[in-house]
Amino acid sequence: MEECTIMQFQNAMLHPEECLHSCKGMECDRETLTRTKYFAECRAEHDGKMVMVYAPITPKSMTMIKLANSVLPANSSHVQKLHVVDNEILCVGFDMRLCPMIVEPEGTLLSEALYTHSRERLVHGLDALRSELQRYDVSINHLHPNSIIVDRAYRWHVIRPYYATHGFGNDVEA
């Protein structure tokens, strides 16, 4: 079983020294702790960097990760394969087991960057992201300001790209 519950994820994020294997120094931003359809997630500080972390909470979650990683390019600077840390979360409940955790790159959510970056920088970032998706023939149909981060070099990165599919342009609405 590769999934945990939202409560097990929350416990791991609030007590990383006891429940995480290699990310013991991680500090969770409690306000961002949430549950989506397939994952429990939060923003956290790890090694002085803000990252997005999430864990599978349904049997379909890891299947989605594997499918997305088959579509996502290995060498893109904007849309990257999902980094899965196997056996990272100690899930305690009726039984004890280890669950994977997904860690994504550091950056500021675009929804926050909209207030601090110039219009020119934002337009340039959008154009670069669009070009990268087209170059690798990838569509991510959930693009919005809370699923994109801006790193220190002002590059945009798609987070939560587990809905990625082949075929640029399928995400026109996004």
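Up top is the structure these notes are about.
Participant: Any chance you could break down the overall build of the protein for me, citing the residues and the numbers?
Facilitator: From N to C terminus, the protein includes five helices and eleven strands. Viewed in the frame of its principal axes, the protein has a C-alpha envelope of about 50 × 30 × 25 Å. Here the protein holds 174 residues, and 47% of them are scored as buried. Pairs at least 24 apart in sequence give 59% of the contacts found in the protein among residues at least 6 apart.

Participant: Tell me about the pattern of salt bridges, and name the residues and values.
Facilitator: Going through the model one piece at a time under the given rule, you end up with three salt bridges. Put simply, arginine 160 and glutamate 41 hold a salt bridge, and the shortest N to O gap is 2.8 Å. One end of the pair, arginine 160, is in the loop between β10 (156–158) and β11 (165–166); the other, glutamate 41, is in strand β3 (residues 39–46), and 119 residues separate them in sequence. The salt bridge involving arginine 130 is made with aspartate 127; its shortest N-O contact spans 3.5 Å. Here arginine 130 pairs with aspartate 127, and both are found in helix α5 (residues 119–135), just three residues apart, close to one helical turn. The exposure class assigned to arginine 130 is partly exposed, which follows from its relative accessible area of 42%. Accessibility expressed as a relative area gives 37% for aspartate 127, which makes it partly exposed.

Participant: Residues and numbers for α5, please.
Facilitator: End to end, α5 covers 24 Å across 17 residues, agreeing with the expected 24 Å (1.5 Å per residue, within 8%). For α5, the secondary structure elements touched by its buried residues are α4 (110–113), β8 (138–139), β9 (148–150) and β10. In the segment just after α5, aspartate 137 is the residue with positive phi, at about 55°.

Participant: I'd like a rundown of unusual backbone geometry, residues and numbers included.
Facilitator: You will see that aspartate 47, though not glycine, has its phi angle at about 55°, which is positive. Relative to the elements of secondary structure, aspartate 47 occurs in the loop between β3 and β4 (49–56). Note on aspartate 47: relative accessible area 66%, which makes it exposed. Its identity is not glycine, yet asparagine 87 carries a phi of approximately 50°, on the positive side. Note that asparagine 87 resides in strand β5 (residues 83–92). Classification of asparagine 87 as partly exposed rests on a relative accessible area of 45%.

Rules and cut-offs
Residues numbered from 1 in each chain as written. Predicted model: local features only at pLDDT ≥ 70, side-chain atom pairs only at ≥ 80, totals over all residues. Heavy atoms only, no water. Helix = DSSP H or I, 4+ residues; strand = E, 2+ residues; numbered from the N terminus. Buried < 20%, exposed > 50% of the residue type's maximum accessible area, 1.4 Å probe, protein only. Contact = heavy atoms within 4.5 Å. Salt bridge = Lys/Arg side-chain N within 4 Å of Asp/Glu carboxyl O. Expected span 1.5 Å × (residues − 1).

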